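Listed below are the residues making up each chain.
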Amino acid sequence: QVQLVESGGGLVQAGGSLRLSCAASGRTFSAYAMGWFRQAPGKDREFVAAINWSGGRTSYVDSVKERFIISRDNAKNTVYLQMNSLKPEDTAVYYCARDRSQYRRSITIMVQADFGSWGQGTQVTVSS
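Now for a look at the structure at hand.

A look at the pattern of salt bridges
Under the counting rule described, the total for this entry stands at six salt bridges. Lys76 is the partner of Asp73 in a salt bridge, and the nearest nitrogen-oxygen pair spans 3.3 Å. Two residues, Arg104 and Asp114, come together in a salt bridge whose shortest N-O distance is 3.9 Å. Highlighted residues: Arg104 in the loop between strand E9 (92-102) and strand E10 (115-118) and Asp114 in the loop between E9 and E10, separated in sequence by ten residues. When its relative accessible area of 18% is taken as the criterion, Asp114 is described as buried.

And the structure:
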């Protein structure tokens, strides 16, 4: 029912920046929290960041807090992940995802099971 397409990944040196975008189909984008996850080789998929339906609240995993910024433009059906001060350990496939529920009140703690729709992912590689 919803399709998510990530873009903006690539190769960057440590300390550099990338901006990921996730374009969503449908007219109900603004009703759902959106999230970013990542998966590195040999590791489980990891929560990175989330933003609530209005964009007024955000949450981050501790390892990216103060470096990454999640934002959204509901008029464009797009969510972004600005990644600054990138580290080699940030190397992973990054996925965007849409919440299963509309107008979630709190996005302080969200897990993979909270999200029902996933994009195909975009590769981010950070060299040292």
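Some words on the sheet that holds strand E7 (residues 68-73)
Here four strands make up an open sheet; going across it, the order is E1-E3-E8-E7 and the pairing antiparallel. Two strands bound the open sheet, and with one partner strand each, they are strand E1 (4-7) and E7. With direction set aside, neighbouring strand axes in the sheet form an average angle of 15 degrees. Two strands pair when backbone bridges link them, and E1 and strand E3 (residues 18-24) are joined in this way by four bridges, in the antiparallel orientation. Looking at E3, one finds that Ser7 is bridged to Ser21.

Regarding the state of the cysteines
Here the structure, examined in full by the defined rule, presents one disulfide. Here Cys22 is linked by a disulfide to Cys96, with a sulfur-sulfur distance of 1.9 Å. Between Cys22 and Cys96, the S-S torsion sits near 55 degrees, and that sign places the bridge as right-handed. Residue Cys22 is found in strand E3, and its partner Cys96 is found in strand E9; the two are separated by 74 residues along the sequence. The exposure class assigned to Cys22 is buried, which follows from its relative accessible area of 0%. For Cys96, a relative accessible area of 0% translates into the label buried.

A short note on the nonpolar core
Formed by 27 residues in total, the largest nonpolar core has its most connected members in Trp36, Phe68, Leu81, Met83 and Tyr94. Among the secondary structure elements, those contributing two or more residues to this core are E3, strand E4 (32-39), strand E5 (46-51), E7, strand E8 (78-83), E9 and strand E11 (122-127). The residues touching Phe68, leaving out its near neighbours within four places in the chain, are Arg38, Val48, Tyr60, Leu81, Gln82, Met83, Asn84, Leu86, Asp90 and Tyr94. Of all hydrophobic cores here, the second largest spans eight residues; its members include Phe37, Phe47, Ala50 and Phe115.

What counts, and at which threshold
Residues numbered from 1 in each chain as written. Predicted model: local features only at pLDDT ≥ 70, side-chain atom pairs only at ≥ 80, totals over all residues. Heavy atoms only, no water. Salt bridge = Lys/Arg side-chain N within 4 Å of Asp/Glu carboxyl O. Helix = DSSP H or I, 4+ residues; strand = E, 2+ residues; numbered from the N terminus. Buried < 20%, exposed > 50% of the residue type's maximum accessible area, 1.4 Å probe, protein only. Pairing = 2+ DSSP bridges. Axes fitted to C-alpha atoms, helices over the stretch in contact; angles between N-to-C directions. Disulfide = S-S within 2.5 Å. Core = buried A, V, L, I, M, F, W, Y, C linked by side-chain atoms within 4.5 Å. Contact = heavy atoms within 4.5 Å.

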